[in-house]
Amino acid sequence: GGGGGGGDGDHDHSDRDRGREQHQDQDQGHDSASVTARTSDDDADAVLYHRHPHHHHHQFGGDGGGDVSTKTLWMALFSKLADLCVDDRPEVRKSANQTFQSTVLTHGHLFDQDTWSSFLWTVQFSLLDRYRACAAAAAKSGTPASALPEGMMVHHSRDTAEKQWAETSVILLQAAARVFTSFHSALVQLPDFPRAWVLLLEHLRTHSADELPEVSLAAVGALQEAFRADSLAVLQIDVLQPVVHQMWHDSWLVWLQIARLCSGSNAPKFLSAVLEAFCLLHTHLTQGPPDLFPLADAVTALRFAADFVIVPHQDSLLATDMTVVQTKALSVVMTIMRGGTRRQNTSGIVGSDGG
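Here the structure is a predicted model, which means the values were calculated and not measured.

Engineer: I'm lost on the overall build of the chain in this one. Help?
Structural biologist: For the chain, the helix and strand inventory stands at 14 helices and zero strands. Secondary structure elements in the chain, listed N-terminal to C-terminal, are α-α-α-α-α-α-α-α-α-α-α-α-α-α. Residue pairs at least 24 apart in sequence account for 68% of intrachain contacts in the chain once pairs closer than 6 positions are excluded. Only carbon and sulfur atoms are counted for the fraction: they give 56% of the accessible area of the chain, which is about 19,600 Å².

Below, the structure written as structure tokens:
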């Protein structure tokens, strides 16, 4: 019995030894894991951010360590969409442009200034340049429209690659202008906004002179959209007032260049669109200081509109006899005259010119 008792004692002792060894091993393992965790905090945070970015930021483009990764993600997305926006297949281009536009308009309020700047210069303007190159190549080649399944026909307005690219221009130009209108308050605060606005105007001016009526009309339509930007709130910020005033002065100069192209034009839709664009622009010109839209410029616009109000061999201006172009031209005249009532000598200068 004594021997058995001793055996049990030795057994208990060995169990306690093994327990202490296991506990030491666990302590060592815990210490090792703690050291590993401490030495890999940065890596763990990096992995956590990529797996669950909402743990770090609740909106795209926010301040903090995730800016670069978030901006890179957006730029990668829009770059791939931009590639599809100039795809050789018309149906792919159309869908891609619609997706591109809706994505920007839906998520643009999440962009910070750095993301917006990258988007404009890396994606938006690059896309406009690529489109112009593709459209020019299609016009030069004179290739027919993309092949269709047997039994299907293409309307004569879309029976060449050039005409199909013209359809793309309507979506693309309108989308570019809408970005500047929808996010005007954010974009106007960018350091390079004046340069971006001038470049947008230049693209629209160039396309307004396109030989295809669909493209030229789309460009002026996009110009109208750009002129719908609401600057009233931005004008309350003193430091931004010179930027906004210069923006609309540049717009007036571009509109004047486009208007001069209308001389002798027989395209009523195009002329009406140009006149309508001025009515939208005039609102902004009269919100600035007097030298933003001086009387000399007002007279220039009046002369341009007057050329379309009264046409040769027309003796009356009855409403039933007026064309759409005449109606728009008269609207320009009335818009300028209403705006000119703020200037005491407007009627004297206009009257001395015989207008």
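Engineer: When you look at the packing of helix H8 (residues 193-208) against helix H10 (residues 241-260) in this model, what are you seeing that I'm missing?
Structural biologist: What describes two packed helices is the angle between their axes and the distance between those same axes. Across the interface, H8 lies against H10 with an axial gap of 10 Å and an inter-helix angle of 15 degrees. The angle between H8 and H10 places the two elements in the roughly parallel class. Handedness of the H8/H10 crossing: right-handed. Residues Phe-193, Pro-194, Trp-197, Val-198, Leu-201, Arg-205 and Ser-208 of H8 form the contact with H10, whose own contacting residues are Val-243, Met-247, Trp-248, Asp-250, Ser-251, Val-254, Gln-257 and Ile-258. Within the contact of H8 with H10, the residues separate by chemical class into 10 nonpolar, three polar and two charged.

Engineer: When you look at the packing of aromatic side chains in this model, what are you seeing that I'm missing?
Structural biologist: The geometry of an aromatic ring pair is captured by two quantities: the separation of the ring centres and the angle between the planes. Tallied over the entire structure, the rule returns 25 aromatic pairs. Seen in terms of ring centroids, Phe-100 and Phe-119 are 5.9 Å apart; in terms of plane orientation they differ by 25 degrees. Their pairing is stacked. Taken as a pair, Phe-100 in helix H4 (residues 90-107) and Phe-119 in helix H5 (residues 113-141) lie far apart in primary sequence, 19 residues in all. Among the residues examined, Phe-119 registers a relative accessible area of 0% and is labelled buried. Ring centres of Trp-252 and Phe-293 lie 5.3 Å apart, and the angle between their planes is 80 degrees; this geometry places the pair in the edge-to-face category. One end of the pair, Trp-252, is in helix H10; the other, Phe-293, is in the loop between helix H11 (268-285) and helix H12 (295-309), with 41 residues separating them in the sequence.

Engineer: Would you mind going over the pattern of salt bridges with me for this structure?
Structural biologist: Pairing between side chains of opposite charge can happen when their charged atoms approach one another. Following the criterion strictly, the structure yields seven salt bridges and no others. Note that Glu-202 and Arg-205 form a salt bridge whose closest N and O atoms lie 2.6 Å from each other. Separated by three residues within a single helix, Glu-202 and Arg-205 lie in helix H8, roughly one turn from each other. Accessibility expressed as a relative area gives 24% for Arg-205, which makes it partly exposed.

Engineer: Teacher, can you tell me more about the environment of Ala-301 here?
Structural biologist: Secondary-structure assignment places Ala-301 in helix H12. The spatial distance from the C-alpha of Ala-301 to the C-alpha of Ala-259 is 9.2 Å, given a sequence separation of 42 residues.

Engineer: Just checking my understanding: could you explain the side chain of Asp-192 for this structure?
Structural biologist: Summarising the element assignment, Asp-192 is placed in the loop between helix H7 (184-187) and H8. Within the structure, Asp-192 has its side chain in polar contact with the side chain of Trp-121 (distance 2.6 Å). Discounting residues that sit within four places of it in the chain, Asp-192 has contacts with Ser-117 and Trp-121.

Engineer: For this particular structure, what's the right way to read the packing of H10 against H12?
Structural biologist: Interaxial distance between H10 and H12 falls to 12 Å at its minimum, and their mutual angle equals 25 degrees. With respect to H12, the axis of H10 lies roughly parallel. Between H10 and H12 the crossing geometry is left-handed. In this structure, H10 contributes Trp-252, Trp-255, Leu-256 and Ala-259 to the contact, and H12 contributes Asp-297, Thr-300, Ala-301 and Phe-304.

Engineer: I'm lost on the environment of Ala-329 in this one. Help?
Structural biologist: In this structure, Ala-329 sits in helix H13 (residues 324-340). Through-space distance from the C-alpha of Ala-329 to that of Phe-278 is 9.9 Å; in sequence the pair is 51 residues apart. Apart from the residues lying within four places of it in its own chain, the contact partners of Ala-329 are Leu-275, Ala-305, Phe-308 and Val-309.

Engineer: Is there a simple way to explain H10 in this structure?
Structural biologist: In an α-helix, one full turn covers 3.6 residues, which means residues spaced three or four apart are oriented alike. Compared with the 28 Å implied by 1.5 Å per residue over 20 residues, the 29 Å span of H10 between its first and last C-alpha is a close match. Within H10 the residues assigned to the buried category are Val-244, His-245, Met-247, Trp-248, Asp-250, Ser-251, Trp-252, Val-254, Trp-255, Leu-256, Ile-258 and Ala-259. Next to the buried residues of H10 lie H7, H8, helix H9 (213-226), H11 and H12.

Engineer: Would you explain the environment of Leu-330 in this entry?
Structural biologist: Within the secondary structure layout, Leu-330 lies in helix H13. You can call Leu-330 partly exposed: its relative accessible area is 31%.

Engineer: Any chance you could explain the nonpolar core here in plain terms?
Structural biologist: Side chains that are nonpolar tend, in soluble globular proteins, to be buried together. Phe-119 and Trp-255 are the most contacted members of the largest nonpolar core, which totals 87 residues. Sorting elements by how many residues they give to this core places H11 first, with 11 residues. Setting aside residues no more than four positions away along its own chain, Trp-255 makes contact with Leu-223, Val-274, Ala-277, Phe-278, Leu-281 and Phe-304.

Engineer: I'm lost on the confidence of the model for the chain in this one. Help?
Structural biologist: Detailed reading of the predicted model is not advised wherever pLDDT is low. For the chain, mean pLDDT is 78; residues scoring 70 or higher make up 66% of the total. Taken as a whole, residues 1-6 scores under 50 in pLDDT and shows zero contacts with residues more than four places along the chain or in a different chain. Scored below 50 in pLDDT, residues 152-157 makes five contacts in the model with residues more than four places away or belonging to other chains.

Analysis parameters
Residues numbered from 1 in each chain as written. Predicted model: local features only at pLDDT ≥ 70, side-chain atom pairs only at ≥ 80, totals over all residues. Heavy atoms only, no water. Helix = DSSP H or I, 4+ residues; strand = E, 2+ residues; numbered from the N terminus. Contact = heavy atoms within 4.5 Å. Areas by Shrake-Rupley, 256 points an atom, 1.4 Å probe, with all protein chains shown as cover. Axes fitted to C-alpha atoms, helices over the stretch in contact; angles between N-to-C directions. Parallel < 35°, antiparallel > 145°, perpendicular 65-115°, else oblique. Left-handed = near helix turned anticlockwise from the far one by under 90°. Nonpolar A, V, L, I, M, F, W, Y, C, P; charged D, E, K, R; others polar. Phe/Tyr/Trp six-rings, centres within 6.5 Å; stacked < 30°, edge-to-face > 60°. Buried < 20%, exposed > 50% of the residue type's maximum accessible area, 1.4 Å probe, protein only. Salt bridge = Lys/Arg side-chain N within 4 Å of Asp/Glu carboxyl O. Polar contact = N/O pair within 3.5 Å; in protein donor to acceptor, adjacent residues only side chain to side chain. Expected span 1.5 Å × (residues − 1). Core = buried A, V, L, I, M, F, W, Y, C linked by side-chain atoms within 4.5 Å. pLDDT = per-residue confidence, 0-100.

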